Amino acid sequence: MRVRIGSFIILLCFLCLRGNAQGIEFNTFESETIQKTSYSVFDENPLTFKGDFSISYDLAIQDYGSFGYIFRLKDLKTEKSDIYSFVFSYDNDERSYLKFNIEAKECIIVDTLHNKALGARRWIPVKISFFLKEDSVCLTIDQRRHKSGGLGMPEEMTPSIMFGSSKFSEEIPSFAIRNLVISDATQQIEFPLNESAGTSVHDKQGKVRGKAINPIWLINKSYYWNLLHSQVSESTAGYSYDSQSDNFVYFNKDSLYTLDIRRNTWEGIMHETLPMKMYLGTNFYHPNTRSTYIYEVDNHMDSCTICSLNVLTGEVEKVDDKFLSSQRHHHSSYLDTLQNKFYIFGGFGSRKYTNTLEVYDLNRKSWSTVKLKGDFVAPRFFSSMGALSSDELLLFGGTGNNSGDQSLGKIYYYDLYKISLRDSTIRKVRDFSYHGTQIVPVRNLLLSDDKTAFYTLCYPMQEASSRLQLYKFSLEDDSYEVLGNSIPMESKAILSNANLYYNNKTQEFYCCTQEFKEYGGESSITRFYSLAAPAIAEDALLLYSAEAGTFWGYALVAVGILLVLIIAVVIYLQKKKTERQLPETISNLEEVHAQIEMGTVSQTNALYLFGEFTMLDKKGRDITHLFSAKIKQLFLLTFLKEIKKVLLLPISMDCYGLRRS
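What you see as residue numbers is a count from 1 along each chain, following the sequence as written. Two thresholds apply to this predicted model, a pLDDT of at least 70 for residue-level local features and 80 or more for giving and counting side-chain atom pairs, whereas whole-chain, interface and lining totals are computed over all residues. Values reported for side chains reflect all heavy atoms of the structure, with hydrogen atoms and water molecules removed beforehand.

1. Considerations on the overall build of the protein chain
The secondary structure content of the protein chain amounts to five helices and 49 strands. Taking contacts inside the protein chain between residues at least 6 apart in sequence as the whole, the part at least 24 apart equals 55%. Numbering of helices and strands runs from the N terminus; a helix is a DSSP stretch of H or I covering at least four residues, while a strand is a stretch of E covering at least two. Throughout, a residue-residue contact means that at least one pair of heavy atoms, one from each residue, lies within 4.5 Å.

2. Thoughts on empty space enclosed by the protein
Unoccupied space between atoms shows up once a probe the size of one water molecule is rolled over them. For each structure, a 1 Å grid was placed over the protein atoms alone; sets of points admitting a 1.4 Å probe that cannot get out are labelled cavities, open sets with protein on both sides within 12 Å along at least five of seven lines are labelled pockets, and lining residues have an atom within 4 Å of a point. Grid points are joined across faces, edges and corners, and a volume is the space filled by probe spheres set on the points. In total, this model carries one cavity of 30 Å³ or more according to the counting rule given. If you add up the space inside the largest cavity, you get close to 80 Å³. In this count, Pro and Cys sit with the nonpolar residues alongside Ala, Val, Leu, Ile, Met, Phe, Trp and Tyr, while Asp, Glu, Lys and Arg are called charged and the others, Gly among them, polar. Classifying every residue of the lining of the largest cavity gives five nonpolar, five polar and one charged.

3. Concerning the pattern of salt bridges
It is possible for side chains of opposite charge to pair when their charged atoms get near one another. For this document, the term salt bridge refers to a Lys or Arg side-chain nitrogen within 4 Å of an Asp or Glu carboxyl oxygen. All chains considered together, the criterion is met by 22 salt bridges. D91 is the partner of R95 in a salt bridge, and the nearest nitrogen-oxygen pair spans 2.8 Å. To sort residues, take the accessible area from a 1.4 Å probe on protein chains only and compare it with the maximum for the residue type: under 20% means buried, over 50% means exposed, and anything in between is partly exposed. Residue R95 is classed as partly exposed on the basis of its relative accessible area of 35%. By relative accessible area, which is 32% here, D91 ends up partly exposed. We note a salt bridge from K322 to D320, for which the minimum N-O separation is 3.3 Å. You can call D320 buried: its relative accessible area is 5%.

4. Some details on the confidence of the model for the protein chain
pLDDT runs from 0 to 100 and stands for how confident the predictor is about each residue. Summary statistics for the protein chain give a mean pLDDT of 86 and a share of 83% for residues scoring 70 or more. Under a pLDDT of 50 for its full length, residues 1-19 has, in the predicted model, 33 contacts with residues more than four places off or in other chains. Confidence drops under a pLDDT of 50 for residues 546-552, and excluding neighbours within four residues, the segment shows 17 contacts in the predicted structure.

5. A closer look at the sheet that holds strand 27 (residues 316-320)
The pairing criterion for strands is at least two bridges between them, as found by DSSP. In spatial order, the strands read 24-25-26-27; together these four strands make up an open sheet with antiparallel pairing. Every other strand in the sheet has two partners, leaving strand 24 (283-286) and strand 27 as the edge strands with one partner each. The average angle at which neighbouring strand axes cross in this sheet is 25°, direction not considered. For strand 25 (residues 291-295) and strand 26 (residues 306-310), the ladder comprises five bridges, and the chain directions are antiparallel. Helix axes use the C-alpha atoms of the stretch in contact, all axes being lines fitted to C-alpha atoms, and the angles between their N-to-C directions lie in the range 0 to 180 degrees.

6. Comments concerning the layout of surface pockets
Taken as a whole, the largest pocket encloses approximately 1,400 Å³ of empty space. For the largest pocket, the lining is made up of 49 residues, of which Y334, L335, N444, L446 and Y501 are closest to its centre. For the lining of the largest pocket, the elements supplying multiple residues, two or more each, are strand 20 (238-242), strand 24, strand 28 (332-336), strand 34 (384-389), strand 39 (446-447) and strand 43 (497-503). It is strand 43 that contributes the most residues to the lining of the largest pocket, six residues altogether. Among the residues forming the lining of the largest pocket, the class breakdown is 22 nonpolar, 20 polar and seven charged. Taken together, 32 residues make up the lining of the second largest pocket; nearest its centre are A120, K221, I261, R262 and E508. Listing elements by their share of the lining of the second largest pocket, those giving two or more residues are strand 19 (226-233), strand 22 (255-260), strand 44 (508-516) and strand 45 (524-532). Taken together, the residues of the lining of the second largest pocket break down into 15 nonpolar, seven polar and 10 charged.

Shown next, in the form of structure tokens:
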């Protein structure tokens, strides 16, 4: 028996895993088979608080047009005690209210919310403190503090805390909570709410504390990409992201559409006639002018190569007619809004890979080549670029070769460079130790909030039916993480592309894929996806399995493995002892077998392997004759193979006995 210590260590690491707090969303729809969501914080094991205690959490109102109870609190020890409720109430399109009530008696605290600040994943910190001896309550909502006293509360309370639906409060708003903490002067119980399935709710230590009925666990939205919308166009189309309004812009030769993620709407208008023909739909969005700039780097046959399309009015303006020397399929790009400059790097065209950094100056309306000094970068396409700071870029990956000649084949690169826009220098940072199917990144990359890593989407572009995967690459070493599930994408046409975006307000990643049916064709389908941040790896979903996979279950597994280790040590010591005794045992084999033949051995239920195969039943009768030669062989092969694994002895055998080699 062999015990793999590495597997044991991995399991212990898994036991220590605690993902970032995620949260629970409350379903407001009810049918004959589905209940509205309810969450009993302590379920059947409530705690008793003496003096003061508080309830704090982050609250997101998903739909400000809704109404209902967020939570209800009742003292279980006091008969006919008051019930305290926290209610969200819509007023008009401009404002809504959060109200703290003594149920069926009076509203004691009201806080006003601005509806523009509400929405999915727009978190509001809430804290309710109960001062039992003082007989008062303090409600803090996003640093706004309200206090009320003279409530008639007892000095000791055993509260039942129920979020969402209950038999007393059927109406609930569309909301979610996260980072729940219940505390008093002596204890603090944290609920990460990072379950992915089931109804059991665990505290930070992994202990089951409460129960949720029909929950929507938000951690799943940090792993599974959500398809927001898909759009087909028979003419060449393009898309961009408006970071100011948090909307996506989509356009083709005659129409302009807006995908409002917050309201989940898709609206379109007819725009003015474009002064150019679109071949690729490449573009960039400029937040200062609220326009998307459509460009073709190689457009010899047209009098316009760059035009602007205002996303608010649909007005179109010709910008320039200049172009580059060749096509640059799958170049990486970056817009410097401070200097009003648009950069592109690399690309493929005329059977050549390029490694030049080109810049278009929107003020001067001219293209120019940035002459980079420093480390050599191999010509490539499918590289990824993004900002490290206001004057420094990151350049990552791609595929190409040192000569740039397509006929010499491709090398896949997983290298990282820093480009200084201040002095036009480029420096290689590292090569990432990637192993697996060859992949390339999408056009852009995003810096993490703490600036220790960057995100990008990667996929095997050489496969016609491939899948996009979110990667997080470290800036401190050559490590990386694979996050979320994958997104299917047909990449057989060179025009097909994808991009990655991030919404700071809602903390969401967005992915757009555009699939063309054939090379040089105009028909395409564009899909928009979202993924909640922080994005997680697959093992975070397995932190708790449905109902049974609790921390204590994993702890029992760990104890079991420890027992196996102890047994392994005992077997090892026994093996050493057996090896010392084996010569003496073998010398007595003939004597033992003679006793069996003479019937002088008073054993029952016995199996003798040394010498001839012999089997005795429970009455001591020899039943060896019931075993055919083939059954003996199969039995001995199976049995001795397992014995050999345990003892690790050099054993050989024939079909009737055992010999030491």
